[in-house]
Amino acid sequence: MRLRSGVLAAGCLLLQALGVAIFLRGFFPLAVRARPRGGPRGESPPEPAPPGPGTVSNWTKIPPPLFKKVVIVLIDALRDDFVFGSKGKQFMPYTTQVIEKGTSYSFIAEAKPPTVTMPRIKALMTGSIPGFIDVVVNLNSPALLDDNLIWQAKTAGKRIIFYGDDTWVKLFPKHFVEYDGTTSFFVSDFTEVDDNVTRHLDRVLKREDWDLLILHYLGLDHIGHVTGPNSPLVGPKLREMDNILKKIHISLLSKEGEASLPSLLVVCGDHGMSETGSHGGSSEGEVHTPLLFISSAFEKRSGPLTQPELVQQTDLASTLAVGLGLPISRNSVGNLILPVVGGKTMREQLRFLHLNGFQLSRLLEENTPAYEKDPGYEQFKIAEKSHGNWIKLYLEGNNSEILMNLGKKVLKQYLEALKTLSSSLSKQVAQYDMYSMMVGTVIIMEVLLLLLLSVPKALSSRAEFEVPLSPSLFSLLFYLMCLVLCAVHVIVCTSAESLCYFCSMAWLTALGVMMLISALMCGILSAIGKILENSRLPVKNPVVSSSSWSEVDVLMLAGTIGHVLSLGASSFIEEEHQTWYFLINTLCLALCQELCRNHFLLKECDPQHGTSLKQNFDGIREASDCKNIDVPASGNSKLDKVASSAEFIKGSDKWLSLASPWIILICCRLLRSLNRTGVQWAHRPDFGHWLTSSEHKSELSFLAAVSLVMIFFLVQRRCSLVSKIAMALGLLGVYSYRAAIGNVVFPWQHDSKDISKGITEARFVFVFVLGIVFTGTKDLLKSQVISADSSVKSTGLWEVYSGLVLLAALLFRPHNLPVLVFCLLIQTMMTKYIWRPLKFDAAQITIMHYWFGQAFFYFQGNSNGIATVDVSAGFVGLESYVEIPAIFLTAFATYAGPLLWAIHLLCYLSSEVSRNAAAVGHGCFCYALMRSIPVAIYIVLVTGLRYHLFIWSVFSPKLLYEGVHVFITAAICLFFTAMDQNHSQKVQD
Ligand SMILES: [Zn+2]
Ligand SMILES: [Zn+2]
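Residues numbered from 1 in each chain as written. Chains lettered and ligands numbered in written order. Predicted model: local features only at pLDDT ≥ 70, side-chain atom pairs only at ≥ 80, totals over all residues.

- Per an unreviewed UniProt entry, the recorded name for the protein is Phosphatidylinositol glycan anchor biosynthesis class G, and the organism is Anser cygnoides.
- Comment text from UniProt for the protein, heading Sequence similarities (unreviewed entry), reads "Belongs to the PIGG/PIGN/PIGO family. PIGG subfamily."
- The Subcellular location (unreviewed entry) field of the UniProt record for the protein holds the comment "Endoplasmic reticulum membrane". (UniProt positions renumbered as here; feature names shortened; annotations may be inferred.)

## Structural notes on the sheet that holds strand 2 (residues 70–75)
(1) Moving on: Taken together, eight strands build an open sheet; the order of strands is 5-4-6-2-7-8-3-9 and the sheet is mixed. Edge strands, defined here as strands with exactly one partner in the open sheet, are strand 5 (178–182) and strand 9 (309–312). Ignoring strand direction, the axes of neighbouring strands in this sheet form an average angle of 20°.
(2) Moving on: Taken together, the seven bridges between strand 3 (residues 104–110) and strand 8 (residues 288–294) define a ladder with antiparallel strand orientation. Opposite Phe107, over in strand 8, you have Leu291 as the bridge partner.
(3) Moving on: Taken strand by strand, helix 13 (residues 315–324) contacts strand 2, strand 3, strand 7 (264–268), strand 8 and strand 9, and its axis lies near 160° from that of strand 2. (Pairing = 2+ DSSP bridges. Helix = DSSP H or I, 4+ residues; strand = E, 2+ residues; numbered from the N terminus. Axes fitted to C-alpha atoms, helices over the stretch in contact; angles between N-to-C directions. Contact = placed C-beta atoms within 7 Å.)

## A look at the nonpolar core
(1) Moving on: Membership of the largest hydrophobic core comes to 152 residues, with the highest contact counts inside it found for Leu806, Ala809 and Leu820.
(2) Moving on: The greatest single-element share of this core, amounting to 15 residues, is contributed by helix 38 (residues 919–944).
(3) Moving on: Val333, Val340, Val341 and Phe380 belong to the second largest nonpolar core, which has 102 residues in total. (Core = buried A, V, L, I, M, F, W, Y, C linked by C-beta atoms within 7 Å. Buried ≥ 20, exposed ≤ 12 C-beta atoms within 10 Å, placed from the backbone.)

## What to know about unusual backbone geometry
(1) Moving on: Phi is positive for Ala77, which is not a glycine, with a value near 60°.
(2) Moving on: Mapped onto the elements of the fold, Ala77 is located in the loop between strand 2 and helix 2 (80–84).
(3) Moving on: Judged by C-beta crowding, with 29 C-beta atoms within 10 Å, Ala77 ranks as buried.

## Details of the pairing of strand 2
(1) Moving on: Counting buried positions along strand 2 yields six of six residues, so the element is predominantly enclosed.
(2) Moving on: Side chains Val70, Ile72 and Leu74 of strand 2 all project onto a buried face; the interleaved residues Val71, Val73 and Ile75 project onto the opposite face, where all are buried too.
(3) Moving on: Pairing of strand 2 with strand 7 involves five bridges; the strand directions are parallel. Paired with Val70 across the bridge in strand 7 is Leu264.

## Points about the environment of Leu74
(1) Moving on: Structurally, the position occupied by Leu74 is in strand 2.
(2) Moving on: Exposure remark for Leu74: the 23 C-beta atoms within 10 Å place this residue in the buried category.
(3) Moving on: Excluding residues that lie within four positions of it along the chain, Leu74 makes contacts with Leu215, His216, Cys268, Gly269 and Asp270.

Take a look at the structure:
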C-alpha cells in the first residue's frame, strides 16, 4: 500500500494528538486527598492526654463556634493593592478606616496558580490545592465531592445563603437554602452581575434565619478583563464595594447586642489581576489578594498599619472551620490563622492548633508511606507531647507566669509544625500518573521517529511512502509485541497503588492502544530495514549528492534544533518570543544575503561557489536529522536555479526586491513594540497599552480604520467580485462592532454614551465570514469535482483564507489590527520578491511559514502563560455563554497567527503552477514534522523536569499551549490533505 506524504503526515499528527491527550491526562495530577470515605466524617481527636496515669482531659469534642453569623464577601479579582494601596485609600475609605483603626485583622492571601476562579473557590472552601487540570475544566465545573467547608456547615445544620457567580451553585448544588447564581461568562457586563447580588442584600441582612452568607461579586473581574487594572472604571467599582461592606458591617454590628456571640465579616478575593487585567498565571498581581477578618470579637487596632502578613489562601478554610465550630476539611493543607482566635484562652488556642495539626498529620499519613520521617510530623509529635505536659500543669491548677510562658512555647512549636506539614503536603500535589505519561510519550516518540525515517521518501518527487503490509516476519513481531505489552499492562495495573488513568480505561481501548504502539514499532523497524537495504546497494542516491546546502538551509536546521533545546530552560520558555524574533530576523538577513548574491555576484556565475559550500556543509549533513534530503523537486542544482532566476527580476523590481528583507525587518520591529509579552519585560509600557488607554481613543480609532482599509487592499486582489464586496462590508461591520462596544468612535460621535454588547454588528460580520468561506468552498469543490482547473482552486483557497482574515479582524482587539496588516504585508512581499524569484523548494518555504507563524503568535500579544489568553474573543456576537462556539472562537483568536500563515502556505503552494505537483504534500509533511519535533522533545523534557520549582507556573501552561497547537495542526494537515487530492491524481497519471 502506498501513502501520499500528506496523508502520512495527517495520520501521524492525529496519532500524535492521541498520544498528547493520554500524556496530558497523566501529567496533570489530581490533588492530594484523604482516603475516600473511610471512617465516619469529622472524627476529631481529644486533647492530648497529659502524661502519667489517671489524669485525662475532659475536652473530647469539637470546640463550639466562636462566631454566630459569618458573612463572606468574595470580590472577584480583588488585588491586594486595591485595598491596601493608594487605590484603597482613595476609593475604599470605610474599609481603610476599619483596617487601620477598627477591630480587624488584615492579611495578604497568596493564591496558587492557576489563578482562575473555579480552582480558587475550591481552594478557599476545601483548603486543598486543586490540580492544574482544573483550568481546563474551569468552564463546566461538576459538583465538588471532596470534603469541604460548605458540606460540613450544612451537615452541622447551618443555613447557608449564596448570591453571585453560579460556579458556586454548580460546585455546591444542594447546599444552599437560598441562592441566586449569576453567569460569569459575559465579561463585558460590569454592573448587572453585581446588582444581581446586591438587590438581595437589604432583605437578607434584616432576616435572622441564616448562619452563613456568601456573596461573590464579579464586576471588578470583568472590568479587569476588558479595560485593565488602571482603567477609570475600577475606582467607582471599588467605591461600590466599599459601600456594600459598610452596609453589611453596620448591620452586623447593630444585631450584636441581641446575640450571645459576635459575628464575623470576611472580605477576600479569589485571585488578583495582572497589569493587563487578566489572570491565570503567577505574577505577583495575580497571586496576591487581600484577606480581611472584621469582627467585634477582635481587639481594636492601634498604632500605624504595618504591611499585612502573608498567608496562604488555603488557610481560610481551616480558620473558618474553627470559627464556625466545624471539623476541618480532611483534604485541607491550610494552617489556622492564629490572630483570628487570638482573643481566646491559651487552652482553647492550643486545642485549635492541635486539631489542625492532627488533621494535617492524618492527611500526610494517608498520602506518604514514609510519613514518620517527615520533619513536620516529628515536630508535631514533639509539640503534642509538650501540649500534654502543659495540660497536666493546667489541670493541677497551676496558673502562674510559668504556665503562660510554657503555653507560648507550645504554641510556637505547633505553628512551626503546621507550617512544615502543610508545605510538605503542598509539594505532594505533584503526584504524576507515570504509566499514562509513558504510554503517551511512547506513541509520540514513535510517531516522530516514523516521520523522521520517512523524510527521504516523503520529500522525494513522488511524495509517497510505502507501507509494508504483512511480511510474515513483521506480523509475527506485531503479535509478539502486542502480547508483551498486554502482559506489562496487566502487571502494571494490578500492582499500581495510586489511581492510574490508563488502567481505568476499558480493556478493549487499552488493547487498541497497545496494538497501535506495536504497529507503529513495526512500521519504524521496516523503515529502518528499508534504509539499510538502500544503503547497501551500490547505486547512491543521485539526488542527494547534487544538492548543496545554502546558508538558509543551515540557519533553518540550526534554528530548529536551537529552539527545541531552549525549551529545557524556564526562562527561555517565559521569553520564547525572543527566540522567534531572533530567528525570523536572522532569516531576513540570510534572505537578504541570498538576494544580493543573486543580483550581483551570480552574474559571473563562479563555479567554485557551489562546491566550496558543499564541502563546508558535508559534515553537517551527516549529523542532521530532518533536512538533509530536502530535495528540490525538479532536482536542479542550486546553481542552475539561482542563475535562471537572476534574469527574472529586472529594473525597479530589482531594487524593491533587495529592499524587501529590510522592510520586513522594520515591520517586525514595529510589531514588537506593539505588544510586550513574556514575563521579564511584560510590565514595561508598550504601544498597545498607550492605544488602549482611554485618553487615546481617537488615535486608536484612526489606526483601526486605517488598518481595516489596508487589510481590504491587501486581501482583495485575488478574490472574486462577490467576495470583494462581502469583504468590504464585513470590515465595515468590524469597525461598527468595535464602535458599538465602545472600543473606537466614529468621527461624528463625540461621546460614547450608549455602549451595547454589539451582538447585531458581530453577527453581521459572521454572516459575511461564512459567506466568503462558503464561496471559497464552492470554488474548491467545483475545481475538485467538475474541472481540474487550478486557477479556480487557488481563488477558492484564497477566498477561504480571506474569510479567516475577516474573522481574525473581528476577534482581534482594535489595537491588534496592525498585526493583521503586517501579516498580510509580509506575506505579499515574501511571495512576490523572495520566494518566487529565489525559487525555494516547498520544504524551505514551509519552514519559513512556520517560523513566521510562531513569531506572529507572540506578535499578537500571546505568551506561554495562561493569563494572556484573550477570553473576550469567545463572547463576540454571543448573547450568553455557549460552550462550543466560545471555545472555537477563543482558540481561533489565540492561534490566529500560526493558522493564517499555515493557510497562506497552502494558498501559495497550490497557486504556483511551475511547482512540482507534490509541493503541497511536501509542505504538509514538513509542517507536521516541524510541529512534532518540539512537542515530542518538550514532552520528554517536561517529564524530566516534573519536580522543577516552576513546573506549575511555567512548564505546565506551555505544555497546554503545545498540546492545543498539536490538535490545531492536525486539523490544518487534514485540510492540506484534502486539498492535495488532484495533485496526487496528476502524479499518478
Ligand atoms: Zn475570579
Ligand atoms: Zn476573570
